[in-house]
Amino acid sequence: MTLSKSFQNLQPSRRSGFTLIELLVVIAIIAILAGMLLPALSKAKSKTLGIRCISNLKQLTMGWVLYSGDYNEVLVPNHISDTYAWIRNNVAAFPGVTNQSDIRSGLLYKYNAALDTYRCPADKAAVINNAPTTISKVRSFSMNGRMNSDVDWVQGPTYPDFRKLTDIKKPDPVRCMVFIDENDYTIDDGYFAIPVGTNPSDFQNAPSARHNKSGSLSFADGHAEIWKWLEPTTPTIKQLDFYPPKRANDRDLKRLQDAILIR
């Protein structure tokens, strides 16, 4: 071995590594990839929650159909002035916001004994005294007020309630709404009110827009859908008795009215 080779063997080996510029480039690439992936992951999560919401609505509607089968086609009561109803109390304030017994004592509970069936999985914050909270309420869904209710002023005498499943002809079952995921600011009792007689341009109760500015609802034939709201005001409603700027020309309001009755 020559002296020069011996000297070379005594030199410390150099370790390869990233330079500062290379590290910055890698970090920038990771940030770009994260920026591209996060919206896709968010959309995937939103879609999953929408599918679960639709599933809950289908189960609840199946229980609604089974009830009528057990009671000679008579629909489960949707009363607001007494406790003989598909659901009891309301979720606008305590104790109803978190009171699970209101679900268990409802007439549909024996057909849908899973508490999570009564709510949208994307519903994370109850609105109490017109202010959002971090409290998850026990129910997100309300029932079409025309389904065997105990009031007649919402639709007016021209459009009487459906008392039996066989009464549902206009609109026909595939287009007649049963349950809807209701807006956090308007949900209270189990009665979803869309006036047609007295104030036909009024969102008394409003739909939710939890799924990318869309809402979910079910129909009397048992299926459920997610509707993309067409008006920019619909996802922003934060009050009862909301009057859309375009009043009677509001496309979302009209679509809901058509799912309740045919004029």
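Definitions and cut-offs
Residues numbered from 1 in each chain as written. Predicted model: local features only at pLDDT ≥ 70, side-chain atom pairs only at ≥ 80, totals over all residues. Heavy atoms only, no water. Helix = DSSP H or I, 4+ residues; strand = E, 2+ residues; numbered from the N terminus. Buried < 20%, exposed > 50% of the residue type's maximum accessible area, 1.4 Å probe, protein only. Contact = heavy atoms within 4.5 Å. Pairing = 2+ DSSP bridges. Salt bridge = Lys/Arg side-chain N within 4 Å of Asp/Glu carboxyl O. pLDDT = per-residue confidence, 0-100. Arc of directions from axis to C-beta. Polar contact = N/O pair within 3.5 Å; in protein donor to acceptor, adjacent residues only side chain to side chain.

A. Inspection of the overall build of the chain at higher detail. Helix and strand counts for the chain come out as four helices and seven strands. In the chain, the succession of α and β elements from N to C terminus is α-α-α-β-β-β-β-β-β-β-α. The proportion of buried residues among the 263 residues of the chain is 44%. For the chain, long-range pairs separated by at least 24 residues make up 68% of all intrachain contacts whose partners lie at least 6 apart in sequence.

B. Geometry of the sheet that holds strand β3 (residues 141-144). With mixed pairing, five strands are arranged side by side in an open sheet as β5-β3-β4-β6-β7. The open sheet has two free edges, formed respectively by β5 (191-192) and β7 (224-228), since each of these has just one partner strand. Here β3 runs beside strand β4 (residues 177-181); their pairing, made up of three bridges, is antiparallel. By the bridge assignment for β4, S142 is matched with I180.

C. Structural detail: the pattern of salt bridges. Counted according to the given criterion, the structure contains nine salt bridges. With a shortest N-O distance of 3.8 Å, R163 and D161 are connected by a salt bridge. Classification of R163 as partly exposed rests on a relative accessible area of 40%. Classification of D161 by relative accessible area gives buried; the value is 14%. Here K254 ties to D258 by a salt bridge, and the two come within 2.9 Å at their closest N and O atoms. Highlighted residues: K254 and D258, both in helix α4 (residues 251-258), separated by four residues, approximately one helical turn. In this structure K254 comes out as partly exposed when scored by relative accessible area, which is 42%.

D. View of the confidence of the model for the chain. Confidence along the chain averages 87 in pLDDT terms, with 87% of residues attaining 70 or more. Mean pLDDT values for the elements of the chain range from 50 in helix α1 (residues 3-10) up to 98 in β4.

E. Examining unusual backbone geometry more closely. Cis geometry is found at the peptide bond from F94 to P95, where omega equals 5°. Examined against the element boundaries, P95 turns out to sit in the loop between α2 (20-70) and α3 (101-104). In this structure, the amide linkage connecting K170 to the following residue, P171, adopts the cis form with an omega of 0°. Looking at the element boundaries, P171 is found in the loop between β3 and β4. Unlike most non-glycine residues, N72 shows phi in positive territory, near 55°. Structurally, N72 is set in the loop between α2 and α3. Of the residues examined, N72 reaches a relative accessible area of 58% and is grouped as exposed. Residue D241 is not a glycine yet carries a positive backbone phi of 55°. Considering the arrangement of structural elements, one finds D241 in the loop between β7 and α4. Given a relative accessible area of 37%, D241 falls into the partly exposed group.

F. Inspection of the pairing of β4 at higher detail. Judged by how many residues are buried, β4 sits mostly within the fold: five of five residues are covered. Relative to strand β6 (residues 214-219), β4 runs antiparallel, the two being bridged by two bridges. Residue pairing across strands places I180 opposite L217, the latter belonging to β6.

G. A look at α4. Taken residue by residue, α4 has D252, L253, L256 and Q257 as its buried positions. What you see down the axis of α4 is that its buried residues fit within an arc of 140°, all on one side. Where α4 is buried, its residues contact β4 and β7. For α4, the side-chain oxygen to backbone nitrogen distance between the N-cap and D252 is 3.1 Å, and the N-cap itself is D250.

H. Representation of the pairing of β3 in the model. Sheet topology places β3 next to β5; two bridges connect them, and they run parallel. Of the residues in β5, the one forming a bridge with M143 is Y191.

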